[in-house]
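# Observations on chain architecture
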Amino acid sequence: MEAKAFCIHRFMEILSEAYKEWDAPVISLMAATGASPFSVLVATLLSLRTKDEVTEAAALRLLREADTPEAMLALGEGRIRELIFPVGFYPTKAMRLVEICSILIRQHGGKVPRTMEELLALPGGGRKTANLVLVEGFGIPGICVDTHVHRISNRLGYVTTKTPEQTEMALRRILPPEYWVSYNEILVAFGQTLCRPLSPWCSRCPVAGLCPRKGVERSR
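Under the annotation held in an unreviewed UniProt entry, the protein carries the name Endonuclease III and is attributed to Desulfobotulus alkaliphilus. For the protein, the Sequence similarities (unreviewed entry) comment in UniProt is given as "Belongs to the Nth/MutY family." Quoted verbatim from the Catalytic activity (unreviewed entry) heading of the UniProt record, the comment on the protein is "2'-deoxyribonucleotide-(2'-deoxyribose 5'-phosphate)-2'-deoxyribonucleotide-DNA = a 3'-end 2'-deoxyribonucleotide-(2,3-dehydro-2,3-deoxyribose 5'-phosphate)-DNA + a 5'-end 5'-phospho-2'-deoxyribonucleoside-DNA + H(+)".

Taken from the UniProt record, the annotation "binding site: [4Fe-4S] cluster" (unreviewed entry) applies to Cys-195, Cys-202, Cys-205 and Cys-211. For the annotated residues, spread through 17 residues, the largest C-alpha to C-alpha distance comes to 10.9 Å, consistent with a single compact locus. Judged by its relative accessible area of 13%, Cys-202 falls in the buried class. Setting aside anything within four residues of it in sequence, one finds Cys-202 in contact with Ala-208, Arg-213, Ser-219 and Arg-220. Mapped onto the elements of the fold, Cys-211 is located in the segment after α12 (182-193). Judged by relative accessible area, which is 19%, Cys-211 ranks as buried.

About the criteria used
- Residues numbered from 1 in each chain as written.
- Predicted model: local features only at pLDDT ≥ 70, side-chain atom pairs only at ≥ 80, totals over all residues.
- Heavy atoms only, no water.
- UniProt positions renumbered as here; feature names shortened; annotations may be inferred.
- Buried < 20%, exposed > 50% of the residue type's maximum accessible area, 1.4 Å probe, protein only.
- Contact = heavy atoms within 4.5 Å.
- Helix = DSSP H or I, 4+ residues; strand = E, 2+ residues; numbered from the N terminus.

Here it is, written out as structure tokens:
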């Protein structure tokens, strides 16, 4: 199927309905329950290369003791490390959190900045982190591309890219603005539930009729 034949509106309509039955990604769930931009930033940093259930538990433990940059600095790197274990690369993430909190206090009055440029200047993040903080922390439209969004967008033939950053730039050109906020949230849940990296559940997929299954060698 040619990319031009793919109907993003129909795809999002179907998945938006199916999403009601799936577990929301942890960052989206936190944002929906009123998490502050700082809490979203912390949870996003913890989530890198870490499963959602581990991220959620670690973020709750840490934020229960320190939910501001000032309070987190007062905890110290050692205590942060204890609280976020066993997230992936927890010693490095504890160090990064201390660095980021210091920068937030020193340069931003203890607040999380709300521009892409300022978020990208924080250590340990990247475009995925910055976009997720903008979308979930501030409700500012952005396109957050993680492994699920990158994989599925290419599997659909909606984009043809090799890296998440290329996928983000391609989506910025073609994805209708009304989907910029919801695209990541829905595709992450879709990727975790059905559209797995290996052997996706195509037999259960509500959008199978729209998908050319590019790169899929085996499915269930």
